[in-house]
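Coordinate analysis (summary)
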Amino acid sequence: MIKLRDIATNISVSQSDRFSTTWVGTLKPEYRNCQAAGGMLRLDGETYEGHSYIRVQLVNGQVKAVLDMTGLRDPNGFTTVITFKGLRDGNPRWTWGGSD
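So, a few notes on the structure that sits alongside this text.

What counts and how
- Residues numbered from 1 in each chain as written.
- Predicted model: local features only at pLDDT ≥ 70, side-chain atom pairs only at ≥ 80, totals over all residues.
- Heavy atoms only, no water.
- Pairing = 2+ DSSP bridges.
- Helix = DSSP H or I, 4+ residues; strand = E, 2+ residues; numbered from the N terminus.
- Axes fitted to C-alpha atoms, helices over the stretch in contact; angles between N-to-C directions.
- Buried < 20%, exposed > 50% of the residue type's maximum accessible area, 1.4 Å probe, protein only.
- Contact = heavy atoms within 4.5 Å.

**What to know about the sheet that holds strand β2 (residues 20-27)**
Overall, antiparallel pairing links the five strands, which are arranged β1-β2-β7-β6-β3 in an open sheet. Edge positions in the sheet fall to β1 (8-16) and β3 (36-39), since each has one partner strand and no second. For this sheet the average axis-to-axis angle between neighbouring strands, irrespective of direction, equals 15 degrees. Where β1 meets β2, six bridges bridge the pair, whose relative direction is antiparallel. What sits directly across from S12, in β2, is V24.

Shown next, in the form of structure tokens:
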């Protein structure tokens, strides 16, 4: 899950397939002029050095969160797939799976 509800409203899935999902929301007035982009730097308090499969953009009064599992391999070398994409408490939430 990525917590965006504190800075945005009307968050919804704008596009998705088996490997990627994009959520878009309207920035709240106090954040509307923010221009930024980011990815994962830490995961559970630890420095994350892998490919950032989640990216966020704040542009033109909107927030966009892009989850892209393309190229993320499971232990057997298969690309993982998104098994759930939606919202929880107004925040983008997802689950994914692969083979063991």
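After that view of the structure, there is still more to cover.
**Overview of the side chain of T21**
As for its position among the elements, T21 is in strand β2. Accessibility expressed as a relative area gives 0% for T21, which makes it buried. The residues contacting T21, other than those within four sequence positions of it, are V13, Q15, S16, A65, V66, L67, I82 and K85.

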